[in-house]
Amino acid sequence: MTDATDSPASRLRSMLVAAQSLGLHTPGYRADIAGRHSVTGDGRVRVELPAGCRMAQDIAHQRETVAMIEVTDLAPTPVRDRVRARGTLTGWLSPADTIDCDAEDNQLVTVLDLATAELTTSEGTTAIDPTDFTTAQPDPLAATEAELLCHLDHHHPHTVERLCRLVDPHQLHGVRMVRPLRLDRHGLVLRLELLNSDRDIRLRFPAPVRHPDQLGAQIDALLRQSRRCRPPRAHR
């Protein structure tokens, strides 16, 4: 499946918004920073570390260290291969200019000045220019995608079944299971599971979603379109 609707920089920004698997590496240390990170307005990755941990102490002492952040985009639904993409950001990590330590929470606030970034998907690995990363905007559905996909998968199997009418019948040959895999401003991706392989199909919205409140109307538009199609023989 070719997924060229979002730029690699935007995809990586979206992955950071929703990241559940996020690791920070500095010389001699590794930390899980999921939920302890954000991206600032000027495109730097902000990371809060417990001030008492050895990594934080080392950064506070050196004032700047080379660092790498690895983010893995995992499908929230129970598909066979859950890894949808991987991202890597490298640069220099240092205490924030405005505040070194949050005294109330005893956190060391650090920022990563980006030097290089890469995104790896099923299509291959793409280098991302730091300037493109800085100016890119995350997908408006990134923060709620996991919840929305799980709700669709668990509570609306008949909706998924109806949406399968939009898939070319030849693509459904040999399909044993269909699950929602990915949701973004441009559409819904379905994972078609065969006996020994998978096939991903994107159902594009009539118009890009600019706000989460617009999602319902776009799903309804796909369902209306599906009513004009013959029901597929594949089952969920």
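A few points on the structure. As the structure is a prediction and not an experimental result, all values here were calculated from the model. (Residues numbered from 1 in each chain as written. Predicted model: local features only at pLDDT ≥ 70, side-chain atom pairs only at ≥ 80, totals over all residues. Heavy atoms only, no water.)

## Quick look at the overall build of the chain
Part 1 of the reasoning: For the chain, the helix and strand inventory stands at 6 helices and 12 strands.
Part 2 of the reasoning: Taking the principal axes of its C-alpha atoms as reference, the chain extends roughly 65 × 35 × 30 Å.
Part 3 of the reasoning: When the 236 residues of the chain are sorted by exposure, 43% land in the buried category.
Part 4 of the reasoning: Considering only contacts in the chain between residues 6 or more positions apart, those separated by 24 or more positions represent 60%.
Part 5 of the reasoning: Of the roughly 12500 Å² that the chain leaves accessible, carbon and sulfur atoms contribute 48%.
Part 6 of the reasoning: Positive and negative charge centroids in the chain, built from 29 and 32 side chains respectively, lie 11 Å apart. (Helix = DSSP H or I, 4+ residues; strand = E, 2+ residues; numbered from the N terminus. Buried < 20%, exposed > 50% of the residue type's maximum accessible area, 1.4 Å probe, protein only. Contact = heavy atoms within 4.5 Å. Areas by Shrake-Rupley, 256 points an atom, 1.4 Å probe, with all protein chains shown as cover. Lys, Arg positive; Asp, Glu negative; His and termini not counted. Charge placed at Lys NZ, Arg CZ, Asp CG, Glu CD.)

## Remarks on helix H2 (residues 54-62)
Part 1 of the reasoning: By the burial criterion, the buried members of H2 are Met55, Ala56, Asp58 and Ile59. Down the axis of H2, the buried set is contained in an arc of 160°. They therefore lie on one face. In H2, the exposed residues that point more than 90 degrees away from the buried face are Arg54 and His61.
Part 2 of the reasoning: The inward-facing, buried residues of H2 contact strand E1 (21-26), strand E2 (29-32), strand E4 (45-50), strand E5 (65-74), strand E6 (83-95) and strand E8 (107-121). (Arc of directions from axis to C-beta.)

## What about the pattern of salt bridges?
Part 1 of the reasoning: This model, assessed by the stated rule, comprises 14 salt bridges.
Part 2 of the reasoning: The shortest N-O distance in the salt bridge between aspartate 6 and arginine 185 comes to 3.5 Å. Here the residue aspartate 6 occupies a position in the segment before helix H1 (8-18), and arginine 185 occupies one in the loop between strand E10 (177-184) and strand E11 (187-193), the gap between them amounting to 179 residues. The pair aspartate 6 / arginine 185 is uniform in exposure class, with both members buried. (Salt bridge = Lys/Arg side-chain N within 4 Å of Asp/Glu carboxyl O.)

## Describing the environment of leucine 194
Part 1 of the reasoning: Structurally, leucine 194 is set in the loop between E11 and strand E12 (198-204).
Part 2 of the reasoning: When sequence neighbours within four positions are dropped, the list of residues in contact with leucine 194 reads Arg80, His173, Gly174, Val175, Arg176 and Arg199.

## A word on the state of the cysteines
Part 1 of the reasoning: Under the defined criterion, the tally for this structure stands at 0 disulfides.
Part 2 of the reasoning: Free cysteine cysteine 150: the closest other cysteine sulfur is in cysteine 164, separated by 18 Å.
Part 3 of the reasoning: Judged by its relative accessible area of 22%, cysteine 150 is partly exposed. (Disulfide = S-S within 2.5 Å.)

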